[in-house]
Amino acid sequence: MRKSTGLLIGPVLALLLVLVALAVPWRASKSAPAATPRPPSVTPASTPPPVVGAEGIGDPYFPRAGNGGYDVTGYDIGVRYDPPTDRLEGHTTITATATASLSRFDLDLRLPASAVTVDGRPAVIHQDGGELQVTPAVPVKSGAPMTVRVDYAGVPSSVAGGPGSHSPWVRTAAGAIAVGEPDIAAWWYPSNDHPSDKATFTITAVVPAGLQVISNGALLGGPEAAGPGLQQWRWQETEPMATYLAFMAIGHYDIVRRDTRFGLYLAAYDRALDPAVAAAARASVEQTPQIIEFLSGIFGPYPFRQLGGVVPDASLGFALEDQTRPVYSSTFFGDGQDVTVVVHELAHQWFGDSVSVSHWSDIWLNEGFATYAEWLYSERNGGPSAQQMAAQSYARHPAGDDFWRISPGAPGAAGMLDNAVYARGAMALQALRAAVGDQNFFAALRAWATERAGGNGSVQDFLALVKHVSGKNVDAIAQSWLLSPARPAAGPG
Ligand code: TRP
Ligand code: ZN
């Protein structure tokens, strides 16, 4: 469900095909003795020759992320996973709509594919890096729905990313966890791997009996018998979701469930966690419903129908805002409870998950906003105000500090998840709040979350909204707080 238009390569090829078609004399088809042969020159203009879908969707930071020529509506991911060998076998079906007539298109997948069908007919495939090229038996028609089934298998932990990068696939004592940003999808399922093409998901995982599988959204079934010594778990996310937010945690988990007014709360704690860490993790993550209540009072209705969290026994070193159910590194809870990280990941459910970046260069809309939510939580729960938090952070980084070299509104691929995007990004929001006043500021945050729920947006879109809501020109603030590699002369607000 992509809102932007996919890019296509091959207009030259297309033109060539037209010229060839015009030049080559018509030949009767082998199958049918055509009674009234029609010269190709009268091919209706409404059926342009098929083109090759681009290998990237047009992201400025990751040129090969996503693909051109189609728009995914749904993923039906099926995997079988064997923890001792780390072998994953997948059978995933993608439903999509072609946005052009396609003779070939790409999917993003790093595990070896063995077979692909398009609308039930075997396709020719070729894999190169993270790209899986698919040549269907017959070209896909523009505007037509297509069903692509991919069979694949491999060892995810052995797959490296780009040059020098590591696998985001993490093995744990009892299983594994698929969690990463911006990369993880290609380690376990084929996709149009970019947040601008959101889709619904069904995720089925078959694992050795006795293990649990936690994923996004609703638990449709599990554990269910799935062959000798095997059980399957079926999950479903019906709200549009970005590919990097689909996750799967396999292991021995204690599962906590209860109904809340936001939907089913389901959290999972790895049984291998140190007891003190497990207790601190529970004391933090179990506050999820109250924190969602708090955040929905500021940002508007919670955008999803399930909620929860997962704490694997893994020192990931980060948390990730996986849709409906964030994943938290056990290290957050090593010194007791940590509510701040829970506030941060839950704020992402509005900013990042429900409203996703149009391009990765828009990452401030995720990290600056989630960090600002931490400050709002402090402000409204007897801690320092957001203004005080912003002033402290500004004071902590003197002019000339490397911190100021990254512009949160255009951090570059390498700076995308730099601390500046978080802290300076939150300062930028404080500066905007001070400039337009509380009423306009919170109205703009709420409008952003509600008007674009389930979709995407860019930094420029957000600034335009602030301008529209407040009637104030915020260009100078955006320039100094979001777009300049230098410390603004005065603190935020
Ligand atoms: N988006 C995550 C957060 O701030 C942090 C993050 C950055 C991350 N890079 C990651 C998480 C890679 C997992 C993997 O909440
Ligand atoms: Zn974050």
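In this report, we go over the structure that sits alongside the text. Keep in mind it's a predicted model, so treat the numbers as computed, not measured. (Residues numbered from 1 in each chain as written. Chains lettered and ligands numbered in written order. Predicted model: local features only at pLDDT ≥ 70, side-chain atom pairs only at ≥ 80, totals over all residues. Heavy atoms only, no water.)

**Concerning the coordination of the zinc ion (ligand 2)**
Then comes step 1: The protein atoms donating to the zinc ion (ligand 2) are His 344 (NE2), His 348 (NE2) and Glu 367 (OE), with metal-donor distances spanning 1.9 to 2.0 Å.
Then comes step 2: Note on Glu 367: relative accessible area 1%, which makes it buried. (Donors = N, O, S within 2.8 Å, 3.2 Å for Na, K, Ca; no water. Buried < 20%, exposed > 50% of the residue type's maximum accessible area, 1.4 Å probe, protein only.)

**Looking at the packing of aromatic side chains**
Then comes step 1: Under the counting rule described, the total for this entry stands at 27 aromatic pairs.
Then comes step 2: Plain terms: the ring middles of Phe 262 and Tyr 302 are 6.2 Å apart, the flat faces sit at 75° to each other, and that makes the pair edge-to-face. Linking Phe 262 in the loop between β18 (253–260) and β19 (263–270) with Tyr 302 in the loop between α3 (288–299) and β20 (306–311), this pair joins segments that are 40 residues apart in sequence. Assigned by exposure class, Phe 262 and Tyr 302 land together as buried.
Then comes step 3: Arranged with centres 5.1 Å apart and planes meeting at 80°, the rings of Phe 294 and Tyr 377 form a pair that is edge-to-face. Separated by 83 residues along the polypeptide, Phe 294 in helix α3 and Tyr 377 in helix α5 (residues 364–379) bring together distant segments of the chain.
Then comes step 4: The ring of Tyr 265 has Arg 258 lying over it, and the distance from NZ or CZ to the ring centre is 4.7 Å.
Then comes step 5: Positioned above the aromatic ring of Phe 442 is the side chain of Arg 380, whose terminal nitrogen or guanidinium carbon lies 5.2 Å from the ring centre. (Phe/Tyr/Trp six-rings, centres within 6.5 Å; stacked < 30°, edge-to-face > 60°. Helix = DSSP H or I, 4+ residues; strand = E, 2+ residues; numbered from the N terminus. Lys NZ or Arg CZ within 6 Å of the ring centre and 35° of its normal.)

**Observations regarding the side chain of Thr 243**
Then comes step 1: Its location among the elements puts Thr 243 in the loop between β16 (230–241) and β17 (248–251).
Then comes step 2: Side-chain polar atoms of Thr 243 contact the side chain of Asp 193, separated by 2.7 Å.
Then comes step 3: In this structure, Thr 243 is in contact with Tyr 75, Ala 185, Tyr 189, Ser 191, Asn 192, Asp 193, His 194 and Phe 201, ignoring residues within four places of it in sequence. (Polar contact = N/O pair within 3.5 Å; in protein donor to acceptor, adjacent residues only side chain to side chain. Contact = heavy atoms within 4.5 Å.)

**Thoughts on the sheet that holds strand β13 (residues 199–208)**
Then comes step 1: Strand order in the open sheet formed by 8 strands is β7-β6-β10-β4-β3-β13-β16-β15, with mixed pairing between adjacent strands. Single-partner strands in this sheet number two, and they are β7 (121–122) and β15 (218–225).
Then comes step 2: Inspection of the sheet shows β15 paired to β16 by 5 bridges, in the antiparallel sense. Among the inter-strand pairings, Leu 219 is bridged to a residue of β16, identified as Trp 235. (Pairing = 2+ DSSP bridges.)

**Some thoughts on helix α10 (residues 459–470)**
Then comes step 1: The first and last C-alpha atoms of α10 sit 17 Å apart over 12 residues, in line with the 16 Å expected at 1.5 Å per residue.
Then comes step 2: Those residues of α10 that sit buried are Val 459, Phe 462, Leu 463, Leu 465, Val 466 and Ser 470. The arc that holds every buried residue of α10, seen down its axis, measures 155°, which confines them to one face. Of the exposed residues in α10, the ones pointing more than 90 degrees away from its buried face are Gln 460 and His 468.
Then comes step 3: Residues of α10 that are buried in the fold lie against α5, α8 (419–436), α9 (438–451) and α11 (475–482).
Then comes step 4: Remark: Gly 471 follows α10 within two positions and exhibits a positive phi of approximately 70°. (Expected span 1.5 Å × (residues − 1). Arc of directions from axis to C-beta.)

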